[in-house]
Amino acid sequence: MTTVTFRSEGSRLTGLEMKGHSGYAPQGEDIVCAALTSAIRLVECACNDVLGLEAPVKVRDKDASISFKLPNGLGQTHEKTCQTLLAALLVHCVQLAEEYPENITVLEV
């Protein structure tokens, strides 16, 4: 089971952590894990490579996890863009969890 936990402070999404293999298929062939990982990487690339932010990303193979955290003090434009990206990622993850309820859990904390 893969758990995706979105973190927030008030109404501001601050980041997320994805942990565990979905179990849909063997590791390396799992389309559910690939879909989640690709979506998270897209948001990370948009924030860091396109917008030029320094949002820390940690990838740990030993526990199959990825974490992503927005920095504080973003300007108004970057903040709005990042909130839109994270909100879209949240919706995407929830939709995937609805399609694969035995493989994905989405939490908001």
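Calculation notes
Residues numbered from 1 in each chain as written. Predicted model: local features only at pLDDT ≥ 70, side-chain atom pairs only at ≥ 80, totals over all residues. Heavy atoms only, no water. Helix = DSSP H or I, 4+ residues; strand = E, 2+ residues; numbered from the N terminus. Buried < 20%, exposed > 50% of the residue type's maximum accessible area, 1.4 Å probe, protein only. Contact = heavy atoms within 4.5 Å. Core = buried A, V, L, I, M, F, W, Y, C linked by side-chain atoms within 4.5 Å. Phe/Tyr/Trp six-rings, centres within 6.5 Å; stacked < 30°, edge-to-face > 60°. Pairing = 2+ DSSP bridges.

Caption draft 1: Highlighting the side chain of Gln83. Looking at the element boundaries, Gln83 is found in helix α2 (residues 76-99). We classify Gln83 as buried; its relative accessible area is 17%. With sequence-adjacent residues up to four places away left out, Gln83 is seen in contact with Ser11, Arg12, Leu13 and Leu70.

Caption draft 2: Representation of the nonpolar core in the model. Judged by nonpolar contacts, the single largest core of 26 residues is most densely connected at Phe6, Leu16, Phe68, Leu86 and Leu89. Secondary structure elements with two or more residues in this core: β1 (2-9), β2 (12-19), α1 (31-50), β4 (65-69) and α2. With sequence-adjacent residues up to four places away left out, Leu86 is seen in contact with Phe6, Leu13, Gly15, Leu16, Val43, Phe68 and Leu70.

Caption draft 3: Structural view of the packing of aromatic side chains. Tallied over the full model, the rule gives one aromatic pair. Between Tyr24 and Tyr100, the aromatic rings sit 5.3 Å apart at their centres with planes inclined by 80°, giving edge-to-face as the arrangement. With Tyr24 in the loop between β2 and α1 and Tyr100 in the loop between α2 and β5 (104-108), this pair connects stretches of sequence that are 76 residues apart.

Caption draft 4: Seen up close, the environment of His92. Secondary-structure assignment places His92 in helix α2. Assessed through its relative accessible area of 32%, His92 is described here as partly exposed. For the pair His92 and Glu17, spaced 75 residues apart in sequence, the C-alpha to C-alpha distance is 15 Å. Sequence-distant contacts of His92, that is, excluding residues within four places in its chain, are made with Ala35 and Ala39.

Caption draft 5: Quick peek at unusual backbone geometry. Backbone geometry at Ala64 places phi at a positive 50°, although glycine is not the residue there. Inspection of the secondary structure assignment puts Ala64 in the loop between β3 (57-60) and β4.

Caption draft 6: Molecular detail of the pairing of β4. For β4, a buried count of four out of five residues is recorded, marking the element as mostly surrounded by other parts of the structure. Bridging between β2 and β4 involves five bridges; their strand directions are antiparallel. When the sheet's bridge partners are listed, Glu17 is paired in β4 with Ser67. Alignment of β3 against β4, held across four bridges, turns out to be antiparallel. When the sheet's bridge partners are listed, Arg60 is paired in β4 with Ser65. Hairpin connection, β3 to β4: the antiparallel pair is bridged by four residues, and Ala64 has positive phi, about 50°.

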